[in-house]
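The chain contents come next:
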Amino acid sequence: MYEDQFRGQVAIVTGAAGGIGEAVVSALCRAGASVAALDVDGDRLSALFGAHDDVPGTVTQFTADVRSAVEVEDTVAAVEERLGPVAFLVNCAGVLRAATAVELTERDWDDTLAVNARGVFLMSTAVARRMTPRRRGSIVTVASNAAGVPRVRMSAYAASKAAATAYTKTLGLELASSGIRCNVVAPGSTDTAMLRGLWGGGDGTSVSVAGVPTEYRVGIPLGRLTTVADVTNAVMFLLSDQAANVTMHDFYVDGGAALG
Ligand code: NAD
């Protein structure tokens with residue numbers, strides 16, 4: 001579908017050991033990219049990608065914390081040294097600390113903003129500074145439809161994703177004249193470890209349909225959860241030349257749940 005446009009190109013995917021990140025790494029790999037798989041969870045990276053470690057054209061693992069300016073800068077420099085100039089960045093690392101707004105702790109607020117907003121800022125600027133003189137590159141931030149639609153127990157998460165979205169779109173405006181595109185993919189509830197972590201509440205009030213609590217289906221016009229493949233397809237499109245005239249876009253992949 002994308003012919004040879006990803007072949008030999010260097011891509012960084014953060015949160016690569018997670019459900020969506022792993023799927024994006026695999027799709028880029030299948031398209032022939034040389035993928036830097038970055039995650040704070042080095043054990044899980046090895047478990048997922050160990051067999052591919054350091055094979056050019058496939059996956060190289062980088063264990064780093066996107067909250068740390070030093071680790072981000074060192075890692076992006078190491079990626080360029082080992083793999084070559086970065087052409088693509090996918091910001092996928094994220095955390096969700098679910099609590100009602102009044103019960104949310106200061107620490108959960110800070111952690112959420114640190115990974116989901118500061119992490120996107122640090123990664124994107126470290127990569128964009130290198131892309132700008134080369135006048136090419138494409139950045140996609142995986143945010144959330146929670147940035148646009150209030151959802152219970154997600155105040156910090158929503159705030160962090162709204163920040164990441166606004167930041168990415170502003171970056172897109174500032175980098176447009178350098179030929180660098182910056183877009184957002186906003187998934188709805190996607191069947192990964194992050195979402196399943198919310199299902200274990202066990203208060204006995206949740207009614208399950210085919211293993212999925214009904215509240216996760218209610219209000220989704222297309223009637224199903226988002227899959228990692230749905231999200232990956234959107235990410236690949238926005239990275240690709242097929243989206244050559246698309247920037248600052250906030251692309252909802254949520255079965256219509258945000259109603260617009
Ligand atoms: P996941 O929990 O499976 O994966 C998240 C990954 O991020 C994990 O591998 C984790 O180790 C990594 N990570 C966390 N903190 C990090 C840090 N400080 N530095 C580097 N890596 C770190 O979640 P997922 O469902 O695959 O989510 C991927 C992205 O999609 C996240 O940004 C999430 O907010 C977003 N999203 C998910 C859903 C959903 O319902 N699953 C919906 C909308 C948006």
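Residues numbered from 1 in each chain as written. Predicted model: local features only at pLDDT ≥ 70, side-chain atom pairs only at ≥ 80, totals over all residues. Heavy atoms only, no water.

Moving on, we get to the pattern of salt bridges. When charged atoms on two side chains of opposite charge get close, those side chains can pair. Under the definition given, this model contains ten salt bridges. Of the charged contacts, one joins Arg130 and Glu73 as a salt bridge, the two residues approaching to 2.6 Å between their closest N and O atoms. Placement of Arg130 in helix α4 (residues 106-134) and of Glu73 in helix α3 (residues 69-83) is noted, with a sequence separation of 57 residues between them. On the accessibility criterion, Glu73 (31% relative accessible area) is partly exposed. The residue Glu80 makes a salt bridge to Arg134 at a minimum N-O spacing of 2.7 Å. (Salt bridge = Lys/Arg side-chain N within 4 Å of Asp/Glu carboxyl O. Helix = DSSP H or I, 4+ residues; strand = E, 2+ residues; numbered from the N terminus. Buried < 20%, exposed > 50% of the residue type's maximum accessible area, 1.4 Å probe, protein only.)

Here we take up the pairing of strand β6 (residues 180-187). Within β6, eight of the eight residues are buried, which leaves it mostly tucked inside the rest of the structure. Burial along β6 is two-sided: the face carrying Ile180, Cys182, Val184 and Ala186 and the face carrying Arg181, Asn183, Val185 and Pro187 are both buried. When strand β5 (residues 137-142) meets β6, the two strands line up parallel, connected through six bridges. Each residue of the ladder has a partner; that of Thr141, found in β6, is Val184. Between the parallel pair β5 and β6, the chain is carried across by helix α5 (residues 155-175), and the sense of this crossover is right-handed. Of the strand pairs in this sheet, β6 and strand β9 (residues 250-253) are connected by four bridges, and their pairing is parallel. Directly across from Val185, in β9, lies its bridge partner Phe251. (Pairing = 2+ DSSP bridges. Right-handed = clockwise from strand over helix to strand, strands pointing away.)

Moving on: the site of the ligand. By nearness alone, 29 residues border the ligand, and Asp39, Tyr157, Lys161, Thr190 and Thr192 come closest of all. The side chain of Asp39 places a nitrogen or oxygen atom 2.6 Å from an oxygen atom of the ligand. At 2.8 Å, a side-chain N or O of Lys161 approaches an oxygen atom of the ligand. Here the ligand loses 91% of its free accessible area of 830 Å² to cover by the protein chains. Broken down by class, the residue content of the shell around the ligand amounts to 15 nonpolar, nine polar and five charged. (Near = heavy atom within 4 Å. Polar contact = N/O pair within 3.5 Å; in protein donor to acceptor, adjacent residues only side chain to side chain. Areas by Shrake-Rupley, 256 points an atom, 1.4 Å probe, with all protein chains shown as cover. Nonpolar A, V, L, I, M, F, W, Y, C, P; charged D, E, K, R; others polar.)

This part takes up the packing of α3 against α4. Packing of α3 against α4 leaves a shortest axis separation of 10 Å and a crossing angle of 35°. Between α3 and α4 lies a crossing whose hand is right-handed. Of α4, the residues touching α3 (which contributes Ala69, Val72, Glu73, Val76, Ala77 and Glu80) are Arg118, Leu122, Met123, Ala126, Val127, Arg129, Arg130 and Arg134. Along the lines of polarity and charge, the residues of the contact of α3 with α4 split into eight nonpolar, no polar and six charged. (Axes fitted to C-alpha atoms, helices over the stretch in contact; angles between N-to-C directions. Left-handed = near helix turned anticlockwise from the far one by under 90°. Contact = heavy atoms within 4.5 Å.)

Reading across from one edge, β3-β2-β1-β4-β5-β6-β9 is the order of the seven strands in this open sheet, with parallel pairing throughout. Unpaired on one side and paired on the other, β3 (59-63) and β9 mark the two borders of the sheet. Each neighbouring strand pair of the sheet contributes to a mean axis angle of 20°, computed without reference to strand direction. Both strand β4 (residues 86-91) and β5 contribute to a ladder of four bridges, which runs parallel. Each bridged residue has a counterpart across the sheet, and for Leu89 the counterpart in β5 is Ile139. Contacts from helix α1 (residues 19-30) reach β1 (10-14), β2 (34-39), β3 and β4 within the one sheet, and its direction differs from that of β1 by about 170°. Lying over the sheet, α5 contacts β5, β6 and β9, oriented at roughly 160° with respect to β6.

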